[in-house]
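One letter stands for each residue in the lines below.
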Amino acid sequence: MTYVSCFYHAFAGAEQVRQSLKAHSALWKDPPESSAYSYQELRRSSVHSSAMAETAANRICKVLAVNQENERLMEEYERLASELLEWIRRTIPWLENRTPEKTMQAMQKKLEDFRDYRRKHKPPKVQEKCQLEINFNTLQTKLRISNRPAFMPSEGKMVSDIAGAWQRLEQAEKGYEEWLLNEIRRLERLEHLAEKFRQKASTHETWAYGKEQILLQKDYESASLTEVRALLRKHEAFESDLAAHQDRVEQIAAIAQELNELDYHDAVNVNDRCQKICDQWDRLGTLTQKRREALERMEKLLETIDQLHLEFAKRAAPFNNWMEGAMEDLQDMFIVHSIEEIQSLITAHEQFKATLPEADGERQSIMAIQNEVEKVIQSYSIRISSSNPYSTVTMDELRTKWDKVKQLVPIRDQSLQEELARQHANERLRRQFAAQANAIGPWIQNKMEEIARSSIQITGALEDQMNQLKQYEHNIINYKNNIDKLEGDHQLIQEALVFDNKHTNYTMEHIRVGWELLLTTIARTINEVETQILTRDAKGITQEQMNEFRASFNHFDRRKNGLMDHEDFRACLISMGYDLGEAEFARIMTLVDPNGQGTVTFQSFIDFMTRETADTDTAEQVIASFRILASDKPYILAEELRRELPPDQAQYCIKRMPAYSGPGSVPGALDYTAFSSALYGESDL
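Rules used throughout
- Residues numbered from 1 in each chain as written.
- Predicted model: local features only at pLDDT ≥ 70, side-chain atom pairs only at ≥ 80, totals over all residues.
- Heavy atoms only, no water.
- Helix = DSSP H or I, 4+ residues; strand = E, 2+ residues; numbered from the N terminus.
- Buried < 20%, exposed > 50% of the residue type's maximum accessible area, 1.4 Å probe, protein only.
- Contact = heavy atoms within 4.5 Å.
- pLDDT = per-residue confidence, 0-100.
- UniProt positions renumbered as here; feature names shortened; annotations may be inferred.
- Phe/Tyr/Trp six-rings, centres within 6.5 Å; stacked < 30°, edge-to-face > 60°.
- Axes fitted to C-alpha atoms, helices over the stretch in contact; angles between N-to-C directions.
- Parallel < 35°, antiparallel > 145°, perpendicular 65-115°, else oblique.
- Left-handed = near helix turned anticlockwise from the far one by under 90°.
- Nonpolar A, V, L, I, M, F, W, Y, C, P; charged D, E, K, R; others polar.

Within the protein chain one finds 23 helices and 2 strands. Counting only residues that meet the buried cut, the protein chain has 41% of its 685 residues in that class. Sequence separation of at least 24 residues holds for 82% of the intrachain contacts in the protein chain that already meet a minimum separation of 6.

Structure, rendered in structure tokens:
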């Protein structure tokens, strides 16, 4: 009920009294002279009783209105706190989920979901958390001003509980982002290794195809001596080739082991393929040894050997292996993250190109050997094929592979230059991000320091300080475009898979945390000044007194952080002449630090220093007002409340007043004493 309604009911009560007096006047229209004095006394008594009733009703209206508003604010706080805690409870398990995906696309989808959470879902919750703290502080201030006990939220819904839950949320958020980036790097490495494994395995399988069948042949049993000796030399060339492929098999096994250690999703197929290659390699070794033993038994049958064929085989096999390795290297995938790394690859490629003339000389030497073989056959009319019995490598194969190497060299040059250009672009992104971050980070720090200074310095009227803080808030909000631009640059950097930046110590996470802290700090500081204005106006404190209070508080605030610890506050009280024992100091601390946080705020300091000057109601005053309405009875009836109070506040009292069970109790009697004490926290009602 509004104050206008209270006055309306009060005037209605006064009109009833006036009508009653009018009736009395009719009875005493022509009183005898001897009764004139009694008539005047009766009239004065009626007017006095009416005025007392009107005053009592107004006081009760005021008290009940304040109490109803406070209860509404408490219920609103409980609702907002429950909703925020429920959101945090649902979000933390999602952020703590560390189940990795099998593909880069799936992990990128998780990263996109996390970005949506950071940009769309979290910022409104940050504002809700800040508003919740502001509502809590405002409610506590109103309770102190109206001489009510401090509001204690339900268990688990304290501001500190919400702050703790928020801290757990941010910790899970930080760990989740780190995990996502690590998983992306791991999957990137896995894809590179898997492709490398497939290339090397395919090359080896192509080379090894049919080798077991060749080694199982027993052609030497029906061959001539010359053919047997040729088979022996051919087998020696095969062993050389086999030894040259040993490194590739070891590399295949090492890559497979690394894929297993990195938990590759298709590790089963990789292991099967690697096991087949290793088993085949073991069989090739065994079969090779058995064939050598058989040929050595036939060695006494060998008469001549074509040294040229053997020389060709010995030189062609390593050269062929070198070309195969060169083709692998020229087609090998590479992953770099800096200009220095790609420059290193370019340097290595240039060194490789420098060896090509020497390799071409070796190729021509091998071709000369083959040409010499054909010349000897023609010169001596030998009736054998000019093909080399000691090697499976042919001149056509060497020519084809050599041409392939020459084709791959410029392709490799182009891919390296393209990667160099991409790394230069990434470097520009790094510098662009660093330039903005190096400007935004100090700006946020400077604003934090300015807000901190404005909250503890004596700078004139509180309204002026409020205007200054509003200007700070306006400037901060206008600065949001710079944060958004930095977010865009950060997204470009992440999409380019750039994970480090040597040009700045600031990360996007640092900027986000600093920005959120700045928004929270300016909102809290504005709320503190609003609370000081509310306290000043409610308690009639002048600006000079507020400045004196601030000067005293700053003097004993040793850490200059806007808070006094218990020892600072004790020293302040002693300097003002308080004779403090431990019990008295403990009682005072329950007033200025009801939550036991170990610090005293400036607002609590003002409340304590002005506690004697506030024009506030007490439980005793409300009890006395109810006693007037009840005609000095220790209880009050529902019809008396309905007659003297507005309907909604009368119903409020009837609903909450306990039944009176003391002396002289009648049916329907209500205990206004217990009800009034409960309003001020002096009973357990």
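Regions with low pLDDT carry predicted coordinates that are not meant to be interpreted in detail. Chain-level statistics for the protein chain give a pLDDT mean of 80 and a share of 86% at 70 or above. Of the regions scoring below 50 in pLDDT, residues 20-30 engages in 9 contacts with residues more than four places distant in sequence or in other chains. The low-confidence segment residues 301-305, where pLDDT is below 50, has 15 contacts with residues more than four positions distant or belonging to other chains.

With that settled, the discussion passes to the UniProt feature "coiled-coil region" (unreviewed entry) in the protein chain. Following the UniProt record, the feature "coiled-coil region" (unreviewed entry) maps to residues 63-90, 228-311 and 462-496 here. As annotated, residues 63-90 comprises 100% helix and 0% strand, and the C-alpha atoms at either end are separated by 41 Å. Segment residues 462-496 splits into 94% helix and 0% strand. End C-alpha atoms: 50 Å apart.

All right, on to the side chain of Gln140 then. Looking at where Gln140 falls in the secondary structure, it is placed in helix H3 (residues 104-145). Sequence-distant contacts of Gln140, defined by excluding residues within four places in its chain, comprise Ala150 and Phe151.

Applying the stated rule across the entire model yields 11 aromatic pairs. When the centroid spacing of 6.2 Å and the interplanar angle of 40 degrees are considered together, the rings of Trp207 and Trp281 count as tilted. With Trp207 in helix H4 (residues 159-208) and Trp281 in helix H8 (residues 267-297), this residue pair connects regions lying 74 residues apart in the sequence. For the pair Trp207 and Trp281, one class covers both residues: buried. Taking the centre distance of 6.2 Å and the plane angle of 80 degrees together, the rings of Phe626 and Phe675 count as edge-to-face.

For the pair H4 and helix H7 (residues 246-261), interaxial distance at closest approach is 10 Å and the crossing angle is 150 degrees. Relative to H7, H4 is oriented roughly antiparallel. Helix-helix and strand crossings are classified by hand; for H4 and H7 the assignment is left-handed. On H7, the residues that touch Arg189, Leu190, Leu193, Ala194, Lys196, Phe197, Lys200, Ala201, Thr203 and His204 of H4 are Arg248, Val249, Gln251, Ile252, Ile255, Ala256, Glu258 and Leu259. The residue inventory of the contact of H4 with H7, partitioned by class, reads 10 nonpolar, 3 polar and 5 charged.

Before going further, it helps to spend a moment on the environment of Leu232. Along the chain, Leu232 turns up in helix H6 (residues 225-244). Along the primary structure Leu232 and Glu296 are separated by 64 residues, whereas in three dimensions their C-alpha atoms are 7.5 Å apart.

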